[in-house]
Amino acid sequence: MIIRTVGDEIIMTEQHQHALLAGELAGQFRSSLFGDAARRDEVLLAVRQHDRGWRVLDETPVWNDRDELPFSFQDYPMLPKLLMYTSGIDEVEAMSGYAAVLCSMYYSSFEPIRKGEEPGTRAFHEAELARQERLLRWLGHPDQALLAHHYELLQLCDGLSLYVCFNEAGVAKAQEHPWYRERVGMLGGLTYSASWQGTDSVVVSPSPFARSFRATLRCKRVAKADRERLGIGEAYKQTPYTEQTITFLATP
């Protein structure tokens, strides 16, 4: 879950909803940014489905007493996260081996997992490296430079979507979430940044988009009073989804 608070509300975005937005953004990228049109659909699948393992965990949020907020993807206990990471990559592998490699690369790159200091992280990391080796062999060892490029593309779309999820619409640059204030990602040696233009439009520089378009993000704005009265699980269940429409402006 992606968490932020505004006034008397907790804005909660499920990881899979964030990934679906990332997939929408990737689908609007200029064709040349994919490098090889033959892999485009598999790359889009990886971007759209990279967080599908979170669906089970996000269905019923858990309260973090220490921070007095729901657990987010940043502080959720590691062992259940690892189980869901594995499950999600397994599901992607059933759809596309190439997409699964990209998703596996994504999760095995996380610093706490690479360090292997927390319980389960070393075994997960080793298992994912073995998965990548097995799938790359099965795929006939695709071009490594192109694979790295597609991995960067996934990371860029992830960062663009998280930029929207973490920042209130129209926020000034100085008040943006620090992770994405300076940049949202890199691709092909270029650094990309994003900024709000008014309360419903985002500009990405340099622009990766073929044209301007509108995309939708689903989230829930849970009233803090409802959380206190019902508990976070029931309050989340009873809160309807809100759809936020964002215009992404293509610039020369």
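Look above for the structure.
Residues numbered from 1 in each chain as written. Predicted model: local features only at pLDDT ≥ 70, side-chain atom pairs only at ≥ 80, totals over all residues. Heavy atoms only, no water.

Further remarks concern the overall build of the chain. A tally of helices and strands in the chain yields 10 helices and nine strands. For a compact globule of 252 residues, the expected C-alpha radius of gyration is about 18 Å, and the chain comes in at 18 Å, within 12% of that figure. With the C-alpha coordinates aligned to their principal axes, the bounding extent of the chain is approximately 55 × 45 × 30 Å. Here the chain holds 252 residues, and 51% of them are scored as buried. In the chain, once contacts between residues fewer than 6 apart in sequence are set aside, the share between residues at least 24 apart is 71%. Carbon and sulfur atoms provide 50% of the accessible area of the chain, an area that totals close to 11,900 Å². Here the chain carries 27 positive and 34 negative side-chain charges, and the mean point of each set is 2 Å from the other. (Helix = DSSP H or I, 4+ residues; strand = E, 2+ residues; numbered from the N terminus. Rg over C-alpha atoms; globule rule 2.2 N^0.38 Å. Buried < 20%, exposed > 50% of the residue type's maximum accessible area, 1.4 Å probe, protein only. Contact = heavy atoms within 4.5 Å. Areas by Shrake-Rupley, 256 points an atom, 1.4 Å probe, with all protein chains shown as cover. Lys, Arg positive; Asp, Glu negative; His and termini not counted. Charge placed at Lys NZ, Arg CZ, Asp CG, Glu CD.)

Let's shift gears to the environment of Gly 231. With respect to the helices, strands and loops of the structure, Gly 231 is situated in the loop between α9 (224-230) and α10 (232-238). Remark: the alpha-carbon pair of Gly 231 and Glu 24, spanning 207 residues in sequence, is separated by 33 Å.

Okay, the packing of helix α1 (residues 15-27) against helix α2 (residues 40-49) next. The geometry of α1 relative to α2 is characterised by a closest axis approach of 6 Å and an angle of 150° between their N-to-C directions. Judged by the angle between their axes, α1 and α2 are roughly antiparallel. Counting all contacts with α1, which are made through His 16, Ala 19, Leu 20, Ala 22, Gly 23, Ala 26 and Gly 27, the residues of α2 involved are Arg 40, Leu 44, Val 47, Arg 48 and Gln 49. When its residues are assigned to classes, the contact of α1 with α2 shows six nonpolar, four polar and two charged. (Axes fitted to C-alpha atoms, helices over the stretch in contact; angles between N-to-C directions. Parallel < 35°, antiparallel > 145°, perpendicular 65-115°, else oblique. Nonpolar A, V, L, I, M, F, W, Y, C, P; charged D, E, K, R; others polar.)

The next thing to look at is the packing of aromatic side chains. Counted under the stated rule, the structure contains 18 aromatic pairs. With 4.9 Å between their ring centres and 75° between their planes, Phe 209 and Phe 213 make a pair best called edge-to-face. In this pair, the class of Phe 209 matches that of Phe 213, namely buried. Centroid distance Phe 213 to Phe 248: 5.4 Å. Interplanar angle 15°. Geometry classified as stacked. Of the two residues, Phe 213 is situated in strand β8 (residues 213-223) and Phe 248 in strand β9 (residues 241-249); the sequence distance between them amounts to 35 residues. (Phe/Tyr/Trp six-rings, centres within 6.5 Å; stacked < 30°, edge-to-face > 60°.)

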